[in-house]
Amino acid sequence: MHIPDGFVAPQIYIPAYILDLLFVLYALRRFKSALQEKVIPYLASLSLFSFVISTLAIPLPGGTSVHGLGVAPISILFGYWVAFLSYSIILFLQATLLGEGGITTFPINSLLIALIGSLSAFYIHKVLRPMGESISLFVSGFGSTLLSALFLAITLGIHPYLFKDERGMPIYFPFDYSITLPALILPHIIVGFGEGLLNVLLVRKLKKRINYER
Amino acid sequence: MKDKLFLLAYLIFVVFLSSLSSAKVLLIVSLILVLATAALPIKKKLNTIKRATYVCLLFNFLVSLPYFLAGLWLGQDRSEYLLMMTLRSFSLTLTTFTFFKFINLFKALDFSKNLSFLLVIVSSHLLTYVSLIREFREALKSRTMRKLDRRTRLNFYERVLTFFFERSMHTSEELYHAMKSRGFHD
């Protein structure tokens, strides 16, 4: 889902940077007041763990496999601000050191994958928990992936309406909503299925471990 | 201070590059950037240019090329768009790759001690984690004769993720004590 550089207009990514920075500062402040001296090592290790989750391809029925985002399990286990911060750190390092995603698209990826993904996963799980742990975990993983994809489709699809040259040709991302919505939502149904499975697997396994430590 | 000024110059240049929409100007800028990358005292110059080309072609193949081909089908000439997007994407990617090889990212961001330290820790452990994940995969592959079924793969992931979770928590504690003993919080 990472967008590389050149396809997003500065009029979109500059405000996104400002917004992302505000959210990062707010999250860091909240997190810091709770954890104090342990904030840096804790965030660093969870960022590394987010990275591990995002590198694994989850096997799906039918022989296919998809890469998970790994935002949902971190959000449910540690809270959405922690998930947002740790995943944003990984996105930033992937863009700057590993060349995955772009520096101009980093705030879009951070806001859509890390923030919307973690917020939606947390609240879907909270609302659906009375229906059963497995169902709520699966739907939160699935739903958060689809919501991130939906917002990404909206962000990209708005470009051809707003940014055109004098001949009416697009100068940034070229496809409008009629293409971006199905092109992003349909494959992410499969990705969401994998993310849901990963969420059930991981949260169930690690919850016991975390409860034991507490 | 030098790294911070470079970072500021880089950010201004990125905004400038991303606002260009003339294929001719982008072609000139891309050529200058390739020459600048070749002239700068950085390691693996050719590899940097190759990686930038690969990254930009990959996404262009998925987005700009289908748009160009759809134009052919509709009788529209969209070659200028294809060229402009490829060059813009290439120039931005090459600028980023070259820039982060040329400067010290952690020094550039050391206006916040916490942020700089956080990035140093994550990036230094990141490569260890990458090689550990590779070793886990290779260990499984070398011990398997047939194609793995879904259940076995899920079990494998469960064990791998538990291992990394334990390791992350352990690393967190170790880092905290290391930082405290070195007076980081004083």
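Residues numbered from 1 in each chain as written. Chains lettered and ligands numbered in written order. Predicted model: local features only at pLDDT ≥ 70, side-chain atom pairs only at ≥ 80, totals over all residues.

### Focus on the packing of helix α1 (residues 2–19) of chain B against helix α5 (residues 79–102) of chain B
Working note: a packed helix pair is described by the angle between its axes plus the distance between those axes.
Residue and element names in this part refer to chain B.
Inference 1: At a minimum axis separation of 10 Å, α1 and α5 run at an interaxial angle of 170°. In this view, α1 runs roughly antiparallel relative to α5, as classed from their interaxial angle. Here Y10, F13, V14, L17 and S18 of α1 lie close against α5, whose contacting residues are R88, S91, L92, T95 and F99.
Inference 2: Each residue belonging to the contact of α1 with α5 can be placed in one class, and the counts come to six nonpolar, three polar and one charged. (Axes fitted to C-alpha atoms, helices over the stretch in contact; angles between N-to-C directions. Helix = DSSP H or I, 4+ residues; strand = E, 2+ residues; numbered from the N terminus. Parallel < 35°, antiparallel > 145°, perpendicular 65-115°, else oblique. Contact = placed C-beta atoms within 7 Å. Nonpolar A, V, L, I, M, F, W, Y, C, P; charged D, E, K, R; others polar.)

### Examining the interface of chain A and chain B
Inference 1: Contacts between chain A and chain B engage 43 residues on the former and 49 residues on the latter.
Inference 2: For the side of chain A that touches chain B, the elements supplying multiple residues, two or more each, are α2 (39–55), α4 (80–98) and α8 (177–213) of chain A.
Inference 3: Tallying contributions element by element places α2 of chain A first for the side of chain A that touches chain B, with 14 residues.
Inference 4: Broken down by class, the residue content of the side of chain A that touches chain B amounts to 29 nonpolar, eight polar and six charged.

### Here we look at the environment of Y54 of chain B
All names here are of chain B.
Inference 1: Here Y54 lies in helix α3 (residues 45–62).
Inference 2: Look at Y54 and you get exposed, because 11 C-beta atoms sit within 10 Å.
Inference 3: Sequence separation between Y54 and T93 is 39 residues; the distance between their C-alpha atoms is 9.9 Å. (Buried ≥ 20, exposed ≤ 12 C-beta atoms within 10 Å, placed from the backbone.)

### Topic: the domain arrangement of chain B
When the parts of a complex come together, some accessible area is lost, and that lost area is often used as the size of the interface.
Inference 1: Per the domain assignment, the segments making up chain B are domain 1 (2–107) and domain 2 (112–181).
Inference 2: Centre-to-centre separation of domain 1 of chain B and domain 2 of chain B, based on C-alpha positions: 33 Å. (Domains from an automatic or database assignment.)

### Digging into the environment of I179 of chain A
All names here are of chain A.
Inference 1: Mapped onto the elements of the fold, I179 is located in helix α8.
Inference 2: Among the residues examined, I179 registers 18 C-beta atoms within 10 Å and is labelled partly exposed.
Inference 3: On a C-alpha basis, the gap between I179 and V203 in space is 35 Å, while along the polypeptide they are 24 residues apart.

### Observations regarding the packing of α4 of chain A against helix α5 (residues 106–128) of chain A
Residues and elements named next belong to chain A.
Inference 1: Relative to each other, α4 and α5 sit at 155°, their axes nearing to 9 Å. Judged on the interaxial angle alone, α5 and α4 are roughly antiparallel. Between α4 and α5 lies a crossing of right-handed hand. Of the residues in α5, those in contact with Y80, A83, F84, Y87, S88, L91, F92 and A95 of α4 are F106, N109, S110, I113, A114, L115, S118, L119 and F122.
Inference 2: For the contact of α4 with α5, a count of residues per class yields 13 nonpolar, four polar and no charged. (Left-handed = near helix turned anticlockwise from the far one by under 90°.)

### Here we look at the confidence of the model for chain B
For any part of a model where pLDDT is low, the fine detail of the predicted coordinates should not be relied upon.
Inference 1: Of the residues in chain B, 98% reach a pLDDT of 70 or more, and the chain-wide mean stands at 83.
Inference 2: Interface confidence for the predicted complex, expressed as ipTM, amounts to 0.80; the pTM equals 0.83. (pLDDT = per-residue confidence, 0-100.)

### Some details on α5 of chain B
Inference 1: Look at α5 of chain B: 34 Å from first C-alpha to last across 24 residues, which is about the 34 Å you get at 1.5 Å a residue.
Inference 2: Burial analysis of α5 of chain B places 18 of its 24 residues in the buried class, the great majority of the element. (Expected span 1.5 Å × (residues − 1).)

### Digging into the confidence of the model for chain A
Inference 1: Of the residues in chain A, 87% reach a pLDDT of 70 or more, and the chain-wide mean stands at 83.
Inference 2: Of all secondary-structure elements in chain A, the lowest mean pLDDT belongs to strand β2 (residues 65–67) of chain A, at 60, while α5 of chain A reaches the highest, 93.

### Side note on the nonpolar core
Inference 1: In terms of nonpolar packing, the biggest core is built from 103 residues, with V71, A83, F84 and L85 of chain A touching the most fellow members.
Inference 2: No other element matches α4 of chain A, which puts 12 residues into this core.
Inference 3: Counting only domains with at least three residues in this core, you end up with domain 1 (2–107) and domain 2 (112–181) of chain B.
Inference 4: The residues contacting V71 of chain A, other than those within four sequence positions of it, are A83, Y87, I113, A114, G117, S118, A121 and S144 of chain A. (Core = buried A, V, L, I, M, F, W, Y, C linked by C-beta atoms within 7 Å.)

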